[in-house]
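A structural walkthrough
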Amino acid sequence: MRDPLSALSDAFTAFLFGKVETTRLPVRTSTGQAQAVYLPTAAPGLGDSGVIIGREVYSGKGYIYDPFQLYGQQLPAPHWLVLGESGNGKSALEKTYVLRQLRFRDRQVVVLDAQGEDGVGEWNLIAQELGLTPIRLDPTSALNGGIRLNPLDPAITTTGQLALLRTIIEVAMGHGLDERSGFALKVAHAYVNATTTDRQPVLTDIVEQLRHPEPESAQAMNVDIDDVRAWGLDVALVLDRLVDGDLRGMFDGPTSFGIDLDAPLIVFDLSHIDRNSIAMPILMAIVGVWLEHTWIRPDRKKRIFLVEEAWHIINSPFVAQLFQRLLKFGRRLGLSFVAVVHHLSDVVDGAAAREAAAILKMASTRTIYAQKADEARATGRVLGLPRWAVEIIPTLTPGIAVWDVNGNVQVVKHLITEAERPLVFTDRAMTESSVSDLLPDDVRAADLEAEERAARIENQQRLNESSESTVA
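Source: prediction; values computed, not measured. Counting from 1, residues in each chain are numbered in the order their sequence is written. With pLDDT at 70 or above as the cut-off, local features in this predicted model cover only qualifying residues; side-chain atom pairs require 80 or more to be listed or tallied, and sums for whole chains, interfaces and linings still use all residues. Each side-chain value is worked out from all heavy atoms of the structure, with water and hydrogens disregarded.

**Let's talk about the packing of aromatic side chains**
Rule in force here: In this scheme Phe, Tyr and Trp rings, the latter by its six-membered ring, pair at centre separations within 6.5 Å, and the angle between planes marks the pair as stacked below 30 degrees, edge-to-face above 60, and tilted otherwise.
All told, the structure shown has 13 aromatic pairs when counted by the stated rule. Grouped by ring-pair contacts, the aromatic residues Tyr63, Tyr65, Trp80, Tyr97 and Trp403 constitute a single cluster.

Below is the structure:
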């Protein structure tokens with residue numbers, strides 16, 4: 001109840017100056033209650049030119065990505081890293097991406113297929129659909145008409161051959177070549193190339209020359225011939241494994257005929273190779289150099305080099321250095337390198353941490369599927385992901401991933417067409433299809449709930465950031 005004097009003063013003031021506005025008390029609320037004040041927003045897309053991946057979860061907009069279209073504008077490099085635990089959609093994404101890229105006439109793809117099903121690689125169905133035959137590297141069939149790749153193929157430059165031989169030996173030995181062993185290898189290689197003119201030089205020639213070096217090689221350095229033989233002994237023993245050991249037949253002869261390097265899709269089927277043996281990084285080194293010198297050409301084609309189980313490359317210092325050079329060289333000739341890895345810790349904590357960091361730095365596009373919380377936090381620190389993205393990675397359902405395209409971070413649902421479904425859903429594939437009739441009701445409900453939960457986390461993060469900036 002107001003006192004009479006105050007009421008009389010207000011009435012007199014209103015008579016002289018007109019009605020006076022009343023002062024309202026402030027309304028106190030929380031960001032949760034006030035979130036309706038903020039209008040819905042969506043991050044900008046990557047443009048409308050390229051390959052359709054799916055839809056952005058929060059806005060429902062179509063998500064289009066193509067490193068060749070974005071290179072030089074939004075992307076400093078066309079290389080791509082795909083991360084995530086098994087069963088979350090990496091395989092389906094890779095396969096549909098390649099199929100959609102091949103609809104462009106100036107695209108060409110090489111796949112190193114390290115996964116296997118029913119005695120063949122994962123990419124066998126897609127190769128058959130396109131009328132192609134995978135290049136199946138198999139030690140058990142190499143001696144019976146199987147595929148053979150020659151590290152000394154004349155299509156590879158002399159410098160490239162020597163670099164490849166050194167890489168093979170260093171991977172197998174687990175350490176770099178010393179100067180004396182390197183000299184023995186160099187003179188053996190030079191002699192074989194100079195004297196073998198009626199056929200392709202092969203590894204057997206190098207091994208034989210290391211065991212029985214020519215006197216001229218010793219005289220050139222003013223050393224004893226027995227010293228040169230001793231320097232090359234360890235090198236000869238390593239190469240002998242490719243000639244007469246568990247890998248024989250695949251590399252110790254002329255390159256097989258019938259390998260079509262002009263085909264739109266080239267699949268190297270490595271599923272018969274023990275992925276945990278030393279053979280896998282050796283094989284990847286040979287294939288990488290062989291492709292560098294025979295496949296990548298300045299013909300204005302856009303090429304994609306997709307490597308499954310890429311930790312075999314990034315976890316070996318010598319193979320990683322080789323591929324690092326390939327990436328730098330290939331970028332000028334239109335090459336996009338796609339590395340598929342289960343866990344980032346597989347490479348950043350390995351023997352080739354420095355080389356791995358260099359390769360990861362060149363990957364301007366990173367796609368992260370569901371991971372456990374601790375792995376997601378480690379991935380976020382290495383890749384510099386925003387906090388909200390790290391928080392939702394453990395909640396992602398199959399087929400949904402966080403995409404970081406040079407700092408443009410969005411959550412994307414991968415979509416698969418009816419025509420693609422039988423090609424990408426093999427026995428190992430998961431139920432990450434976006435087509436609703438593939439999923440039972442409870443899975444669809446869980447999918448929607450996960451999307452809504454992720455949206456709430458991001459909205460809350462944005463509100464918190466807005467509140468913090470207002471207080472500041």
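Additional details are given in the paragraphs that follow.
**Comments concerning the side chain of glutamine 161**
The cut-off we apply is this: Helix and strand assignments follow DSSP, with helices taken as H or I runs no shorter than four residues and strands as E runs no shorter than two, numbered in order from the N terminus. Classification of residues uses two cut-offs on accessible area relative to the type maximum, computed with a 1.4 Å probe and protein chains only: under 20% is buried, over 50% is exposed, and between them is partly exposed.
By secondary structure assignment, the location of glutamine 161 is in helix α6 (residues 158-173). Relative accessible area serves as the criterion here: at 3%, glutamine 161 is assigned to the buried category.

**As for the confidence of the model for the protein**
Here is the rule: Residue-level confidence of the predictor is what pLDDT reports, using numbers from 0 through 100. Only heavy atoms matter for contacts: two residues are in contact if any of them lie within 4.5 Å across the pair.
The share of residues in the protein with pLDDT of 70 or more is 81%, and the mean pLDDT across the chain is 80. Mean pLDDT across the elements of the protein bottoms out in helix α20 (residues 441-471) (51) and peaks in strand β12 (residues 400-405) (95). Scored below 50 in pLDDT, residues 427-446 shows 37 contacts in the model against residues more than four places distant or in partner chains. Considering only residues more than four positions removed or in separate chains, one finds that residues 466-472, a stretch of pLDDT under 50, has two contacts.

**Quick look at the sheet that holds β12**
One key point about sheets: their strands pair by backbone hydrogen bonds, in either a parallel or an antiparallel sense. Quick note on the threshold: Paired strands are those between which DSSP finds at least two bridges. A fitted line through C-alpha atoms serves as each axis, taken over the contacting stretch for helices, and the angle formed by two N-to-C directions is quoted from 0 to 180°.
Within the open sheet, the 11 strands sit side by side as β2-β1-β13-β12-β11-β3-β10-β9-β4-β8-β7. Their pairing is mixed. Looking at which strands have only one partner, the edges of the open sheet turn out to be β2 (62-65) and β7 (135-136). Direction of pairing for strand β1 (residues 51-56) relative to β2: antiparallel, over a ladder of four bridges. Pairing of isoleucine 52 across the sheet is with isoleucine 64, part of β2. Strand contacts of helix α4 (residues 90-101): β1, β2, β3 (79-83), β4 (107-113), β8 (265-269), β9 (302-307), β10 (335-341), β11 (363-368), β12 and β13 (408-414), with the helix running at about 135° to β1, the strand carrying the most contacts. Against the sheet, helix α14 (residues 317-331) makes contact with β3, β9 and β10, and its axis sits at roughly 145° relative to β10, the strand it touches most.

**Observations concerning the pattern of salt bridges**
If the charged atoms of two oppositely charged side chains come close together, the side chains can form a pair. Test applied: When a carboxyl oxygen of Asp or Glu is within 4 Å of a side-chain nitrogen of Lys or Arg, the pair counts as a salt bridge.
For the coordinates displayed, the defined rule picks out 13 salt bridges. As a salt-bridge pair, arginine 107 and aspartate 66 come within 3.0 Å of each other at their nearest N and O atoms. With arginine 107 in strand β4 and aspartate 66 in the loop between β2 and α3 (67-70), this pair connects stretches of sequence that are 41 residues apart. Accessibility expressed as a relative area gives 6% for arginine 107, which makes it buried. Assessed through its relative accessible area of 0%, aspartate 66 is described here as buried. The salt bridge involving aspartate 269 is made with arginine 136; its shortest N-O contact spans 2.7 Å. Of this pair, aspartate 269 sits in strand β8 while arginine 136 sits in strand β7, and the two are 133 residues apart along the sequence.

**Section: the side chain of glutamine 108**
Going by this rule: Whenever a nitrogen or oxygen atom comes within 3.5 Å of another N or O atom, the pair is scored as a polar contact, on the condition that within protein one atom can donate a hydrogen and the other can accept it, and that pairs from neighbouring residues in sequence are kept only if both atoms are in side chains.
With respect to the element layout, glutamine 108 can be found in strand β4. At a separation of 2.8 Å, a polar atom in the side chain of glutamine 108 contacts the main-chain carbonyl oxygen of leucine 261. Within polar-contact distance, the side chain of glutamine 108 engages the backbone oxygen of alanine 263 at 2.8 Å. When residues no more than four places from it in sequence are discounted, the contact partners of glutamine 108 are Leu261, Asp262, Ala263, Pro264, Ile266, Trp295, Lys301, Lys302, Arg303 and Ile304.

**Things to note about the nonpolar core**
Put simply, the test is: What makes a nonpolar core is a set of buried Ala, Val, Leu, Ile, Met, Phe, Trp, Tyr and Cys residues whose side-chain atoms join them at distances within 4.5 Å.
Of all hydrophobic cores here, the largest spans 95 residues; its most connected members are Leu239, Phe268, Leu270 and Phe305. Look past the residues within four positions of phenylalanine 305 in its chain and what remains in contact with it is Val110, Leu112, Leu291, Trp295, Phe323, Leu326, Leu335, Ser336, Phe337 and Val338. Core analysis: the next-biggest nonpolar cluster, separate from the first, contains 34 residues, Val98, Val109, Ile126 and Leu306 among them.

**Things to note about helix α16 (residues 353-362)**
This is how the line gets drawn: It is the directions from the helix axis to the C-beta atoms that the arc portrays.
Every buried residue of α16 is accounted for by Glu355, Ala356, Ile359, Leu360 and Met362. One side of α16 carries all its buried residues, which in axial view fall inside an arc of 160°. Seen from the buried face of α16, the exposed residues on the opposite side, beyond 90 degrees, are Arg354 and Lys361.

**Digging into the pairing of β1**
Between β1 and β2, which follow one another and run antiparallel, lie five residues, and glycine 60 among them has a positive phi close to 80°. Two elements, β1 and β13, share three bridges in a ladder whose sense is antiparallel. Looking at β13, one finds that glycine 54 is bridged to histidine 414.

**With respect to helix α7 (residues 179-195)**
The condition that has to hold: Expected span, for any helix, means 1.5 Å times one less than how many residues it has.
For α7, which comprises 17 residues, the first-to-last C-alpha distance of 24 Å matches the rise-based estimate of 24 Å (1.5 Å per residue) to within 8%. Along α7, the residues that are buried comprise Ser181, Gly182, Phe183, Ala184, Leu185, Val187, Ala188, His189 and Val192. On its buried side, α7 packs onto α6, α8 (203-211), α9 (215-220), α10 (225-231) and α11 (233-244). Sitting at the head of α7, aspartate 178 places a side-chain oxygen 3.2 Å from the backbone nitrogen of arginine 180.

**Details of the pairing of β4**
Every other side chain in a regular strand lies on the same face of the sheet, so the side chains alternate between the two faces. Summarising burial for β4: seven of the seven residues are buried, a large majority. Burial of the side chains of β4 extends over both faces: Arg107, Val109, Val111 and Asp113 are buried on one face and Gln108, Val110 and Leu112 on the other. Strand direction decides the pairing type here: β4 and β9, joined by six bridges, are parallel. For valine 109, the partnering residue across the bridge sits in β9 and is isoleucine 304. With five bridges joining them, β4 and β8 adopt parallel strand pairing. Residue pairing for β8: aspartate 113 is matched across the bridge by aspartate 269.

**As for unusual backbone geometry**
Positive phi outside glycine occurs at arginine 300, with the angle close to 70°. Its relative accessible area of 75% is what places arginine 300 among the exposed residues. One non-glycine residue with positive phi stands out, namely asparagine 406, at about 55°. Looking at where asparagine 406 falls in the secondary structure, it is placed in the loop between β12 and β13.

**Regarding the environment of valine 192**
Secondary-structure assignment places valine 192 in helix α7. Considering only alpha carbons, one finds valine 192 and glutamine 209, 17 residues apart in sequence, at a separation of 7.5 Å. Leave out the neighbours within four places in its chain, and valine 192 touches Pro201, Asp205, Ile206 and Gln209.

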